[in-house]
Amino acid sequence: MKVTLNWLKDYVDFDIPADELAHRLTMAGLEVEAYYTVDYDFSGVFVGNIVEHQSIPGSDKLSLCKVNVNNELVQVVCGAPNARKGLKSAIALPGSKVGPLDIKTADIRGQHSEGMLCSEAELGLSNRAAGIMELPPDAKIGQPIESLFAESDVVFDIAITPNRPDCLSVIGIAREIAALGGARLHKPKIELSLNAEPVSDYIDVNILNADKCFRYSGRFLKDIKIQNSPYWMARRLYLVDVRAINNVVDITNYILMETGHPLHAFDYERLEGKKIIVRTAKEKEKFTTLDEKEHILTPEDLLICDAEKPVALAGVMGGFNSEVIDSTSSVFLESAYFEPVSISRTAKNLELSTESSRRFERGADPNGTLYAMDRAAMLMQQYADATVLENTIDVYPRNVEPMNLSLTVRNTNRILGTDLHREDLETILSSIEFTITAKNDGVSVSVPTFRPDVQREIDLIEEIARLYNYDRIPTNTNPQVDLTQKSNKSSELKDYIRSVLTGLGFWETINLSLVNPQIAKPFLPEKQQFVELLNPLNTELSVFRPNMLYSLMTSVSYSRNRQFQNLRFFQVGNVAWMSPENQITEMTQIAAVITGQRKTQTWYQKPEAFDFYDIKGALFSLFDKLGVTAVKLTEAKDSFWDSTSAALSLNGRQIGAVGKLDSQVCDLFSARQDVYGFYLQFEPLFKAREKEIVFTQIPKYPSVPFDLALLVDASVPIADLEEGIWEKGGEHLIKVDLFDFYRGQQIEKNMKSVAFSLTFSSKERTLQDEYVNQVIDSILSHLRDKFGATLRPR
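All of these numbers come straight from a predicted model, not from anything done at the bench.

*Asks:* So, the sheet that holds strand β27 (residues 442-447): which residues are in play, and what are the values?
*Replies:* In spatial order, the strands read β25-β27-β26; together these 3 strands make up an open sheet with antiparallel pairing. This sheet does not close on itself; its edge strands, each paired only once, are β25 (403-408) and β26 (435-439). Here the strands of the sheet are splayed against their neighbours by 25 degrees on average, with no regard to which way each runs. The pairing of β25 with β27 spans 6 bridges and is antiparallel. Residue pairing in the sheet places Asn404 in a bridge with Ser446 of β27. Seen against the sheet, helix α10 (residues 422-430) touches β25, β26 and β27 and runs at an angle of roughly 170 degrees to β26. Running at roughly 70 degrees to β25, helix α11 (residues 457-468) makes contact with β25 and β27 of the sheet.

Okay, structure coming up:
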């Protein structure tokens, strides 16, 4: 939001240097991002009076003007369409400077030109470049042009937070300055000469969707003369980055910046049926806005219509079919209040953010419609010769009343650490136009409707703090707030997992939780749906991620595109999806990926690429550190895995998976090399972790190793064989490792050879061969009966 120093001084009397004012506003919560002085970028430019004007033969646009400057006639060739006899304008004489231009004499179309008649744009005063500057008739000939205007101005660029729509206006910021400086805000008074004709003869308003349009006010103005707005108005709009168009449009924009309330002027002659109907759009209804762009609407969008067609996109932009043009003579002036969420959705869905939508979606003042409308009507009467009808239209189906709150002195001082009295609260809150009623223990506060952000007692205390001045609040080294924090076992475990994975050589990444649904589709659990954002900024960030591996793959893609080949990443974060019954499942996942080379090529070693066993080794090292020992490998069914993968089961429940990502999934991220990874659900790990470290004494007796080589059908999972060994291994079996796997010659086509290393140990005695052989016989019998496994012949 940009405002100028001179504009602010119209509403509040103050004499504060620009740098000090910027500091005070920033400390009060209105951050001044920048401020700069605006000087006149020209010299040697004077008031001149055109005493003769004639067209140059053979030229369609050029004319020859003789200009009186200090009783001296100067001949100038001019191409402006508004150059005419009797007009006073700005003339730059030879030797003067206008912006980057050095003015010199010149011969144009055989005519000698001794200077330049200047437009406001050429002088850097406004954006109006269509014609030369038109000065008031009482301007003194020969007077330096800058002496006609105010001295240099200062522009403040203020970052207004979304909860302060009242400060999206010059009056709103002036109100803050008045409160900070103990001054009084004086808003312009409304003075109108009214015509007694009934407005009902010209227009009728009907609101069909009162849930989206709480209030609709309007005035009818006729006998309007479309022309340029006065220089001072065009200048102010120019300094706050608003383009001057004509007097009627400029006045609506000026009131928007002044009061913060958007207005819209319709060309009355282009409205059909003398009606205004406020309704929602039909499905796929088309509408062309002022910028001549066609939009396809939905029933979520609110329209302002006449009897036959839409004429404005409510709260966002007017229609091309009803804009004010040069031939406009009558105007219907709209001043309304639209429901903020509705306007926000329309603006985002249509990618059409405007000064109007910015204010409505944050919350304009529903009880400020009449003042803004009448202020605009007054200016149109002054600068467009408008005849204003006496009666107004004001349809208010959903009345918005000020909110009433209570504030106690005790709570204020307890929270702020101050020693304020009730009179202090009254003074501070009254300075921002809150209505105060004294109570025994504090005050009763009526919050004006231009402050929708103040809804609780704590909001009032915040207002007290910022206006009292944070620097005045004494420092208290013994706060009454309990800062102790209870231990959070869940967070502690997450931090420990991060420590373990970092120790294993992984780098932690952090990514947005919103993802592209087209790329994330393979990561979505079967028969589940995405959790979609209601109003996404763009379609590529419109759903919540369904698996942490997606986030890690985006980091792999980003790094690979920057020539980083060997990567080890992990991340801890939340994922979510939704069932067909609209039940949302959200959980925390831990995920990691590796890609590239385990060993890079050097003079003493050959390169070695990462494989499945690298990621599996890191995973089981994590399990070992957590004390989680009952994890089993089963068949992985997620669609994003290659065949070299396995699901992870804990106590009969799948908690994740590990393996090689499918090449087509890698192609979605332009990985261009094999990627291995795992993901785990955090909650089962949290419940199954070893809560205490228990000391285990080194066995006094030697362990007994035994190798078991088996032939079994190729379809039998090795994990099932290992589970079968544990089932019959007895209490003294402490370790089972697969150390050999073979398929090929000397073995039937549908068979495979596997060899396990078994370790037996006892804390009480040395185990005898007879005992071990009995256990091995039991294991072989069980594996033969359950899987058809036999001992491999030597």
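Structure shown, so let's carry the discussion forward.
*Asks:* Describe in detail the nonpolar core, supporting the description with residues and values.
*Replies:* Residues Phe156, Ile158, Ile173 and Val248 are the most contacted members of the largest nonpolar core, which totals 56 residues. Mapped by element, the contributors of at least two residues to this core are α1 (5-8), α2 (18-27), β11 (153-159), α3 (170-181), α4 (231-239), α5 (247-259), β22 (331-338) and α8 (369-383). Setting aside chain neighbours within four positions, we find Ile173 in contact with Met1, Val3, Leu8, Leu25, Ile158 and Cys167. Formed by 39 residues, the second largest nonpolar core is a distinct cluster that contains Phe287, Val311, Leu313 and Leu350.

*Asks:* Just give me the short version of the packing of aromatic side chains, but keep the residues and values in it.
*Replies:* Under the definition given, this model contains 25 aromatic pairs. Ring geometry for Phe149 and Tyr231: centres 4.3 Å apart, planes at 35 degrees, overall tilted. Of this pair, Phe149 sits in the loop between β10 (116-118) and β11 while Tyr231 sits in helix α4; the two residues are 82 residues apart in sequence, bridging distant segments of the chain. By relative accessible area, Phe149 is classed as buried at 17%. Seen from their ring centres, Trp232 and Tyr383 are 5.9 Å apart, and the 65 degrees between their planes marks the pair as edge-to-face. In this pair, Trp232 is assigned in helix α4 and Tyr383 in helix α8, connecting sequence segments 151 residues apart.

*Asks:* Could you give an account of unusual backbone geometry, naming the residues involved and the relevant values?
*Replies:* Unlike most non-glycine residues, Asn71 shows phi in positive territory, near 60 degrees. Residue position: Asn71 is located in the loop between β4 (63-69) and β5 (72-78). A relative accessible area of 78% places Asn71 in the exposed class. For Lys527, which is not glycine, the phi dihedral falls at a positive 65 degrees.

*Asks:* For the environment of Glu683, give the residues involved together with the corresponding values.
*Replies:* Structurally, Glu683 can be placed in helix α17 (residues 682-688). The class for Glu683 is partly exposed, based on a relative accessible area of 40%. Separated by 193 residues in sequence, Glu683 and Ser490 have C-alpha atoms that sit 8.8 Å apart.

*Asks:* Could you give an account of the sheet that holds β11, naming the residues involved and the relevant values?
*Replies:* Pairing is antiparallel across the open sheet formed by 3 strands, whose spatial order is β1-β11-β2. Both outer strands of the open sheet, β1 (2-4) and β2 (31-38), are each paired with one neighbouring strand and no more. The mean inter-strand angle of the sheet, taken between neighbouring strand axes irrespective of direction, is 25 degrees. As paired elements, β2 and β11 share 7 bridges and run antiparallel to each other. Residue pairing for β11: Val38 is matched across the bridge by Asp153.

*Asks:* Explain the pairing of strand β35 (residues 631-634) to me, and be specific about the residues and the numbers.
*Replies:* Direction of pairing for β35 relative to strand β36 (residues 641-650): antiparallel, over a ladder of 4 bridges. Bridged to Leu633 within β36 is Leu648. The antiparallel pairing of β35 with β36 creates a hairpin that spans 6 residues between the two strands.

Rules used in this analysis
Residues numbered from 1 in each chain as written. Predicted model: local features only at pLDDT ≥ 70, side-chain atom pairs only at ≥ 80, totals over all residues. Heavy atoms only, no water. Pairing = 2+ DSSP bridges. Helix = DSSP H or I, 4+ residues; strand = E, 2+ residues; numbered from the N terminus. Axes fitted to C-alpha atoms, helices over the stretch in contact; angles between N-to-C directions. Contact = heavy atoms within 4.5 Å. Core = buried A, V, L, I, M, F, W, Y, C linked by side-chain atoms within 4.5 Å. Buried < 20%, exposed > 50% of the residue type's maximum accessible area, 1.4 Å probe, protein only. Phe/Tyr/Trp six-rings, centres within 6.5 Å; stacked < 30°, edge-to-face > 60°.

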